[in-house]
Amino acid sequence: MMFRIFLSLVGLTFAIWILRGFQVLGFIPGGVLWVGVLVSIATGILTAWENSKRW
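Just so it is clear, the structure is predicted and the values come from calculations on it, not from any experiment.

### Observations concerning the overall build of the protein chain
Phase 1 of the analysis: Each helix and strand counted, the protein chain has 2 helices and 0 strands in total.
Phase 2 of the analysis: Computed over C-alpha atoms, the radius of gyration of the protein chain comes to 13 Å, more than 25% over the 10 Å expected from 2.2 N^0.38 for 55 residues, which places it beyond the range of a compact globule.
Phase 3 of the analysis: Along the first, second and third principal axes, the C-alpha set of the protein chain runs to 45 × 15 × 10 Å.
Phase 4 of the analysis: Looking at the protein chain as a whole, 18% of its 55 residues qualify as buried.
Phase 5 of the analysis: Carbon and sulfur atoms make up 76% of the accessible area of the protein chain, which amounts to about 4,400 Å² in all.

Here is the structure:
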């Protein structure tokens, strides 16, 4: 479950980053992109932690 959320957040952040680079979503501030990156990293850490607890 957590892994799906992680992949979704990474995909969404990547899509926003690409579309912002092409000026399709140029109105989105860089702070929103950084929040997406940080939330993706935090979710990845939580996913790894959750998977390590199963052993």
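### Here we look at helix α1 (residues 2-21)
Phase 1 of the analysis: For α1, spanning 20 residues, the distance from its first C-alpha to its last is 29 Å, which sits close to the expected 28 Å at 1.5 Å a residue.
Phase 2 of the analysis: Positive backbone phi, approximately 65°, marks Gln23, located one or two places after α1.

### Regarding the packing of aromatic side chains
Phase 1 of the analysis: Applying the stated criterion across every chain, the model contains 2 aromatic pairs.
Phase 2 of the analysis: Measuring from centroid to centroid gives 6.3 Å for Phe3 and Phe6, while their planes differ by 40°, and the two rings are tilted. You can see Phe3 and its partner Phe6 sitting in helix α1, 3 residues apart, about one turn around the helix.
Phase 3 of the analysis: According to the relative accessible area criterion, Phe3 is partly exposed, its value standing at 47%.
Phase 4 of the analysis: Taking the centre distance of 5.8 Å and the plane angle of 50° together, the rings of Phe14 and Trp17 count as tilted. Here the residue Phe14 and the residue Trp17 both occupy positions in helix α1, the gap between them amounting to 3 residues, near one helical turn.
Phase 5 of the analysis: The class of Phe14 is partly exposed, set by a relative accessible area of 48%.
Phase 6 of the analysis: Between the NZ or CZ atom of Lys53 and the centre of the ring of Trp49, over which it lies, the distance is 4.5 Å.

Cut-offs and rules
- All residue numbers refer to position in the chain's written sequence, counted from 1.
- For a predicted model such as this one, the threshold for reporting local features is a pLDDT of at least 70, and the threshold for listing and counting side-chain atom pairs is 80 or more; totals across whole chains, interfaces and linings nevertheless cover every residue.
- Note that water and hydrogens are dropped before the side-chain values are worked out from all heavy atoms of the structure.
- Starting at the N terminus, helices and strands are each numbered in turn, a helix being any DSSP run of H or I of at least four residues and a strand any DSSP run of E of at least two.
- Restricting the calculation to C-alpha atoms gives the radius of gyration, and the globule rule supplies 2.2 Å times the number of residues raised to the power 0.38.
- Classification of residues uses two cut-offs on accessible area relative to the type maximum, computed with a 1.4 Å probe and protein chains only: under 20% is buried, over 50% is exposed, and between them is partly exposed.
- In this description, accessible areas are obtained by the Shrake-Rupley approach with a 1.4 Å probe, and a residue is regarded as covered only by the protein chains that are shown.
- By this rule, a helix spans an expected 1.5 Å times one less than how many residues it contains.
- Working definition: rings of Phe, Tyr and Trp (its six-membered ring) pair if their centres are within 6.5 Å, and the pair is stacked with planes under 30 degrees apart, edge-to-face with planes over 60 apart, and tilted otherwise.
- Consider the ring centre and the ring normal. A charge sits over the ring if Lys NZ or Arg CZ is within 6 Å of that centre and within 35 degrees of that normal.

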